[in-house]
Amino acid sequence: MATSYATVTWDQLHRDARQLAAELMPRGPFKGIVAITRGGLIPAAIIARELDCRLIETVSVVTYDEEKQGEATVIKRPEAAGDGEGFLIIDDLVDSGVTAELVRRMLPKALFACLYAKPTGRPLTDMFVVEVPQETWVLFPWDTAPLFIPPLARRDDTSRS
Ligand SMILES: O=P(O)(O)OC[C@H]1O[C@H](OP(=O)(O)OP(=O)(O)O)[C@H](O)[C@@H]1O
Ligand SMILES: Nc1nc2[nH]cnc2c(=O)[nH]1
Ligand SMILES: [Mg+2]
């Protein structure tokens, strides 16, 4: 269970994805991008735009139910990417590294990049933008919504801080 949460806004995500694209530029051009769905879809779209890459393949790995990690199941394979040669794999983050390891085994010649990396999964990624503590759960903009919070003075509870 996470001990803290890190909220990523759309602006921050866009900035981080553009930074990753800039760092990937000298490693390209790429034949195509493989997005790990679903979390990798939006980062992959931003990076594809920056790298002027139009061929997007997907691989679908189901691992988590909310914050609970289960067994990783591949429900769609990246057929168009062959052994990964010339391809770039994009995900939103690596945590335990289980998803990244599984996809890398399918595409051994591809480069793997993601926006955020926790220490355990870090060795599985070739490139990332921000390191996040292992116990922190990253809340992506598609996971959250702005919420009304009553002013402190109008809260009933006695534990105001
Ligand atoms: O390094 P790991 O411990 O494997 O965790 C990282 C993976 O977990 C999340 O995907 P999730 O399984 O939640 O599916 P989603 O992308 O469809 O939300 C995230 O998008 C990564 O793909
Ligand atoms: N949203 C989200 N999904 C994850 N999957 C594995 N770790 C995480 C995390 O920190 N945040
Ligand atoms: Mg995912």
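For the structure, see preceding data.
Residues numbered from 1 in each chain as written. Chains lettered and ligands numbered in written order. Predicted model: local features only at pLDDT ≥ 70, side-chain atom pairs only at ≥ 80, totals over all residues. Heavy atoms only, no water.

Draft legend 1. Examining the nonpolar core more closely. Counting 26 residues, the largest nonpolar core has Leu20, Leu24, Ile33, Ile47, Leu51, Leu88 and Ile90 as the members making the most contacts within it. Those elements that provide at least two residues to this core are α1 (10–24), β2 (32–37), α2 (41–51), β5 (87–94) and β6 (111–117). Ignoring anything within four residues of it in the chain, the contact list for Ile90 reads Leu20, Leu24, Ile33, Val34, Ala35, Ile36, Gly40, Pro43, Ala44, Ile47 and Ala113. Judged by nonpolar contacts, the second largest core, of 19 residues, contains Ala81, Ala100, Leu102 and Leu124. (Core = buried A, V, L, I, M, F, W, Y, C linked by side-chain atoms within 4.5 Å. Buried < 20%, exposed > 50% of the residue type's maximum accessible area, 1.4 Å probe, protein only. Helix = DSSP H or I, 4+ residues; strand = E, 2+ residues; numbered from the N terminus. Contact = heavy atoms within 4.5 Å.)

Draft legend 2. A look at the side chain of Thr99. With respect to the helices and strands, the residue Thr99 is situated in helix α3 (residues 98–106). Residue Thr99 is classed as buried on the basis of its relative accessible area of 16%. Beyond its immediate stretch of four places on either side in the chain, Thr99 contacts Ile36, Val61, Thr63 and Asp91.

Draft legend 3. Inspection of the pairing of β2 at higher detail. β2 sits mainly inside the fold: 6 of its 6 residues count as buried. Neither face of β2 is left uncovered, since the one carrying Gly32, Val34 and Ile36 and the one carrying Ile33, Ala35 and Thr37 both have all their residues buried. The sheet contact formed by β2 and β5 spans 4 bridges and is parallel. What sits directly across from Ile33, in β5, is Leu88. Pairing geometry for β2 and strand β3 (residues 56–65), over 5 bridges, is parallel. If you follow Thr37 over to β3, its bridge partner there is Ser60. (Pairing = 2+ DSSP bridges.)

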